[in-house]
Amino acid sequence: MRFVPQSKIRATIYSSTKGGKTILFDRVYDGNIFRNIQMIWDFFDTQLARSSNINSLQRTTKDIPILALREGLLNALIHRDYSKISSTVNISVYPEKLVITNTGKLPEEI
């Protein structure tokens, strides 16, 4: 953090699809980038526990593929704009989706 303060990651779980006023979980991980990766992986493990809904005789599960989570997290960290010191990688979890954003952008040629 002393040399790369912009390695922060913010994880937020919202109770509704639009964000709303009710936040179920909100934390900023501000250790070094390797520690942050492990802390976010622990966050995925505990907060995104695999769940099932049983309705009559049908069972539906909500599983986010682990490879997709890893790819999204690492891409957000690797391809972000590290020149903006106050920025963070944001992980927003909604009831029906997970969004990972950063301050990076595509080169002007693309």
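Higher on the page you've got the structure.
Residues numbered from 1 in each chain as written. Predicted model: local features only at pLDDT ≥ 70, side-chain atom pairs only at ≥ 80, totals over all residues. Heavy atoms only, no water.

The tendency in soluble globular proteins is for nonpolar side chains to be buried side by side. By size, the foremost hydrophobic cluster in this structure holds 14 residues, and its most contacted members are Ile 9, Ala 11, Ile 40, Phe 43, Phe 44, Leu 73 and Ile 91. Among the elements of the structure, strand E1 (9-14), helix H1 (33-47), helix H2 (66-78) and strand E5 (89-93) are those that each provide at least two residues to this core. With four residues, the single largest contributor to this core is H2. Each residue touching Leu 73, except ones within four places of it in the same chain, is listed here: Ile 9, Ile 37, Ile 40, Trp 41, Phe 44, Ile 91 and Ile 100. (Core = buried A, V, L, I, M, F, W, Y, C linked by side-chain atoms within 4.5 Å. Buried < 20%, exposed > 50% of the residue type's maximum accessible area, 1.4 Å probe, protein only. Helix = DSSP H or I, 4+ residues; strand = E, 2+ residues; numbered from the N terminus. Contact = heavy atoms within 4.5 Å.)

A separate point is the side chain of Arg 80. With respect to the helices, strands and loops of the structure, Arg 80 is situated in the loop between H2 and E5. One polar contact links Arg 80 to Ser 87, side chain to side chain, over a distance of 2.5 Å. Not counting residues up to four positions away in its chain, the partners in contact with Arg 80 are Gln 6, Ser 7, Lys 8, Ser 87, Thr 88, Val 89, Asn 102, Thr 103 and Gly 104. (Polar contact = N/O pair within 3.5 Å; in protein donor to acceptor, adjacent residues only side chain to side chain.)

With that settled, the discussion passes to H1. End to end, H1 covers 20 Å across 15 residues, agreeing with the expected 21 Å (1.5 Å per residue, within 8%). Buried within H1 are the following residues: Asn 36, Ile 40, Phe 43 and Phe 44. Seen end-on, H1 carries its buried residues on one side only, within an arc spanning 100 degrees. With respect to the buried face of H1, the exposed residues turned more than 90 degrees away are Phe 34, Asp 45 and Thr 46. (Expected span 1.5 Å × (residues − 1). Arc of directions from axis to C-beta.)

Here we come to the pairing of E5. Along E5, four of the five residues are buried, which leaves the element largely enclosed by surrounding structure. As defined by bridge partners, E1 adjoins E5 across five bridges and the pair is classed as parallel. Pairing of Ala 11 across the sheet is with Ile 91, part of E5. Here E5 runs beside strand E6 (residues 98-101); their pairing, made up of four bridges, is antiparallel. In the sheet register, Ile 91 faces E6, and the bridge partner there is Ile 100. (Pairing = 2+ DSSP bridges.)

Nothing here speaks to function; it is geometry throughout.
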